[in-house]
Amino acid sequence: MEYLAYGAFFLTIAMTYALICLGLNVQWGQTGLFNVGVAAFVGAGAYTSGLFTTPAVVDRLGGFDLPIWVGWIAAALVGGVLSFLVGALTIRMRTDYLAITTFGIAITLQLAFQNLEGLTGGVFGMSFIPRAFGDLQGRSIAFNLSNFALAAAMVFAVYLLLQHLMRSPWGRLLRAVREDETAAQSMGKNPVSLRLQAFVLGGAIMGLAGAVQAHFIGFIAPGNYLPMMTFQVWAMLIVGGSGNNRGAILGAVLVWAIWALSGSIISEIFPADQQARAASLQIVVIGVMLCLILLWRPQGILPEARTSSRHLGKRPDKGPKP
Amino acid sequence: MTEMKNSPDSNGPLAARDLKKSFGGNRVVDGMSLALGPGEMLGLIGPNGAGKTTMFNLLAGTLASDAGSIHLSGTDVTRTSQQGRCRLGLSRSFQIPKPFSRMTILENVMTAAQNQAGENVLRAMMQPRLVAKQEQANVARARDLIDFVSLSHLEDQPASVLSGGQRKLLELARVLMTQPRVILLDEPAAGVNPALLDLIIDRIAQIHAQGIAVLLIEHNMEMIARLCPRVIVMAAGKLLAEGTPQDVTRRADVIDVYLDGAPA
Ligand SMILES: Nc1ncnc2c1ncn2[C@@H]1O[C@H](COP(=O)(O)OP(=O)(O)OP(=O)(O)O)[C@@H](O)[C@H]1O
Ligand SMILES: [Mg+2]
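Draft legend 1. Summary view of the site of ligand 1. All names here are of chain B. If you check the shell around ligand 1, you find 13 residues, and the closest are Lys52, Thr53, Thr54, Gln95 and His219. Alone, ligand 1 offers 630 Å² of accessible surface; in the complex the protein occludes 60% of this. For the shell around ligand 1, the element with the most residues is helix H1 (residues 52-60), which contributes 3 residues. The residue inventory of the shell around ligand 1, partitioned by class, reads 4 nonpolar, 7 polar and 2 charged.

Structure representation (structure tokens):
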């Protein structure tokens, strides 16, 4: 029975990563925007939600004690606004500027989480973040299973939304701009605005994911939002299949499984005083996995599928086609 | 530079005055002016490398000009982006076609529709009914245009399957899908087999009959003679001559600039 609880716990975390990964897939997989500061957008969402939903506290701002769903919405909004600011400044410039800026934002926000004690709780982080299904906390199986169901439902909803968008005129234009930007511009399309929209959508999903994670664990600290998280999410997307939403979800579960498994193996075989150093072996394992995938299946396990927009029926004059 | 007989009237559908463009030290367009009258079909000819395509790029806003001005139906668009000019009714085809290769023919044409609510991510999420309604209207119009260029049997195929001549036809359909008032066609018949050539000439004549002003770059003088009452000749970035196709191709200076000594 303990395994069931642990399995649900593991899968819930994997689902929160799947959400982040779906956000990155909109930005990178479908639009080609190189975001190397994923952790910043996730962290911004987590802290925002924490601020709004924790009970009143004395030593920092916030603690508005609002319902969890308000936190989710606020987190998505903050993720979106942050992406808008970063994107509006850099997307019209050469592509490497976005990479540099997102990297800078990640470092800056991480330091802010650590040092703005009056807002974030500093190095000690924020605790007492209300957990979804908190009244089940005593019964770990029921608690973890309900949270898993919730997180999975959110992944599914975001997945459906993204699939809907990819088949809408917006998705069609995204593919057109990717194939030939000049041709799209000659048709009156604005690639900069389109990319900005994709970047904001991806950032909002990452912010939401940060909040979902925070409301499952109940505690956040600056150390959760290190560049390591960005690396993990990129690995997930590349392994699963960049450009494919199902691939993004699969990659998240798979890479998280390998990460968790290698973590527990390391804690089994290394003596306590060496575990901190041995933990970096986890990164090696993920790195090796990335290399193998890039060698044997460079498009990921589930390569990008050919999507086409709904054509609202076949030609009326020709009847159904095979 | 030769003085133009009718100096550019900036209130016509399209007027350009004294355009210049250099690449490095190489001046490719060197003080070109032209004016397209309402509903006119104007030919733009000249030897290879004369700067005709570059002139198109300047007119359409694909490239920014170094000097000069461009007016679209009286509006100064010299500083307007390519997409802005398209929204004002200017549409162009490319000498080397630019299909969205991995998208179907139908999707290629659909993409060119203007004012699509569903191209905004928020509206694509929030207004599914409006988007569906527009898609329905656009799909009907796209299919009409695909029929018009005789590609109906391929509408579900990716554009990568098209031959060179068919790609020219696809460009034509996409250009028309934007509902333009002025179109710029860059060698619509290049590499097209004789059977398709007649089709393309006929289609361009039909477009013109709808009152759309057309500027046509073409090396095929038979096509120019059949379609364009007036042509301008460009050489080394400058206007060399202007007149009916018959007059212009008899002029000695025009014959000279074509390397082989014969006007195509
Ligand atoms: N982007 C560019 N960079 C540098 N040089 C260019 C560029 N575009 C065009 N040129 C040069 O400008 C000159 C004119 O080219 P352009 O394509 O306008 O000629 P054209 O009249 O369309 O010729 P053709 O009939 O062969 O299509 C050529 O010498 C070409 O090499
Ligand atoms: Mg040319």
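Draft legend 2. Quick look at the coordination of the magnesium ion (ligand 2). All names here are of chain B. Only Thr53 (OG1) and Gln95 (OE1) from the protein reach the magnesium ion (ligand 2) as donors, at distances of 1.9 to 2.1 Å. Here Thr53, found in helix H1, pairs with Gln95, found in the loop between strand E6 (90-92) and helix H3 (105-111); they are 42 residues apart in sequence, far enough to count as distant. The exposure class of Gln95 is partly exposed, given its relative accessible area of 32%.

Draft legend 3. The interface of chain A and chain B, seen in detail. At the interface, 40 residues of chain A touch 42 residues of chain B. Between chain A and chain B, the buried area comes to about 3400 Å², and carbon and sulfur atoms account for 54% of it. When the buried area of chain A at its contact with chain B is split by residue, Arg172, Met187 and Arg315 of chain A rank highest and sum to 20% of it. Across the chain A-chain B interface, the total number found is 4 salt bridges.

Draft legend 4. Structural detail: helix H10 (residues 227-240) of chain A. All names here are of chain A. The end-to-end C-alpha distance of H10, which contains 14 residues, comes to 20 Å, matching closely the 20 Å that a straight helix rising 1.5 Å per residue would cover. With respect to burial, H10 is a largely interior element, 10 of its 14 residues being buried. Looking only at H10, the buried set comprises Met229, Thr230, Gln232, Val233, Trp234, Ala235, Met236, Leu237, Val239 and Gly240. On its buried face, H10 sits against helix H1 (2-29), helix H2 (38-53), helix H9 (191-217), helix H11 (245-269) and helix H13 (280-296).

Draft legend 5. View of a nonpolar patch on the surface. Residue and element names in this part refer to chain A. A surface patch of nonpolar side chains, about 630 Å² in accessible area, is lined by Leu281, Val284, Val288, Leu292, Leu295 and Trp296. Tracing the backbone shows Val288 in helix H13. What makes Val288 partly exposed here is its relative accessible area of 43%.

Draft legend 6. Representation of H13 of chain A within the structure. Taking 1.5 Å of rise per residue, the 17 residues of H13 of chain A would be expected to cover 24 Å, and the 25 Å separating its terminal C-alpha atoms lies within 8% of that figure. Residues of H13 of chain A that are buried make contact with H10, H11 and helix H12 (275-278) of chain A.

Draft legend 7. Inspection of the sheet that holds strand E9 (residues 230-235) of chain B at higher detail. Residue and element names in this part refer to chain B. Read across the sheet, 6 strands follow the order E6-E7-E8-E3-E9-E10 without closing on themselves; strand pairing throughout is mixed. Looking at the sheet topology across the chains shown, the edges are occupied by E6 and strand E10 (238-243). Recorded for the sheet is a direction-independent mean angle of 20° between the axes of neighbouring strands. Sitting on the sheet, H1 touches strand E3 (41-45), E6, strand E7 (182-186), strand E8 (213-217) and E9, and the angle it makes with E7 is about 150°.

Draft legend 8. The arrangement of the state of the cysteines in detail. Evaluation of the coordinates by the stated rule reveals 0 disulfides over all chains. Take Cys21 of chain A: it sits in no disulfide, and the sulfur closest to it among the cysteines is that of Cys291 of chain A, at 18 Å.

Draft legend 9. Fine view of the packing of H1 of chain A against H10 of chain A. Residue and element names in this part refer to chain A. Running from amino to carboxyl end, H1 crosses H10 at an angle of 75°, the nearest separation of the two axes being 9 Å. Here H1 is positioned roughly perpendicular relative to H10, judged by the angle of their axes. Here Tyr17, Ile20, Cys21, Leu24, Asn25 and Trp28 of H1 lie close against H10, whose contacting residues are Met229, Gln232, Val233, Trp234, Met236 and Leu237. Of the residues that constitute the contact of H1 with H10, the class distribution is 10 nonpolar, 2 polar and no charged.

Draft legend 10. Structural view of unusual backbone geometry. In this structure, Phe133 of chain A takes a positive phi of about 55° despite not being glycine. As for its placement among the helices and strands, Phe133 of chain A is situated in the loop between helix H5 (117-120) and helix H6 (140-166). One non-glycine residue, Ser150 of chain B, adopts positive backbone phi at about 60°. Among the secondary structure elements, Ser150 of chain B is positioned in the loop between helix H5 (128-148) and helix H6 (164-177).

Draft legend 11. Region of interest: the domain arrangement of chain B. All names here are of chain B. For chain B, the assigned domains are domain 1 (1-98 + 179-264) and domain 2 (100-161). Domain 1 and domain 2 are separated by 29 Å when their C-alpha centres are compared. Every contact between the two is made by 8 residues of domain 1 and, on the other side, 6 residues of domain 2. Across the interface of domain 1 and domain 2, roughly 580 Å² is buried in total on both sides, 52% from carbon and sulfur atoms. In this assembly, domain 1 and domain 2 are joined by 0 salt bridges. Scanning the region where domain 1 abuts domain 2 turns up 1 residue pair in polar contact (both at pLDDT 80 or more).

Draft legend 12. How the structure looks around the environment of Ala176 of chain A. Residue position: Ala176 of chain A is located in helix H7 (residues 169-179). Overall, Ala176 of chain A belongs to the buried group, its relative accessible area being 0%. Ignoring anything within four residues of it in the chain, the contact list for Ala176 of chain A reads Phe100, Met103 and Thr111 of chain B.

Definitions and limits used
Residues numbered from 1 in each chain as written. Chains lettered and ligands numbered in written order. Predicted model: local features only at pLDDT ≥ 70, side-chain atom pairs only at ≥ 80, totals over all residues. Heavy atoms only, no water. Near = heavy atom within 4 Å. Areas by Shrake-Rupley, 256 points an atom, 1.4 Å probe, with all protein chains shown as cover. Helix = DSSP H or I, 4+ residues; strand = E, 2+ residues; numbered from the N terminus. Nonpolar A, V, L, I, M, F, W, Y, C, P; charged D, E, K, R; others polar. Donors = N, O, S within 2.8 Å, 3.2 Å for Na, K, Ca; no water. Buried < 20%, exposed > 50% of the residue type's maximum accessible area, 1.4 Å probe, protein only. Contact = heavy atoms within 4.5 Å. Buried area = accessible area lost by both parts, 1.4 Å probe. Salt bridge = Lys/Arg side-chain N within 4 Å of Asp/Glu carboxyl O. Expected span 1.5 Å × (residues − 1). Patch = residues over 30% accessible without salt bridge, like charges linked within 9 Å, V, L, I, M, F, W, Y side chains within 5 Å. Pairing = 2+ DSSP bridges. Axes fitted to C-alpha atoms, helices over the stretch in contact; angles between N-to-C directions. Disulfide = S-S within 2.5 Å. Parallel < 35°, antiparallel > 145°, perpendicular 65-115°, else oblique. Domains from an automatic or database assignment. Polar contact = N/O pair within 3.5 Å; in protein donor to acceptor, adjacent residues only side chain to side chain.

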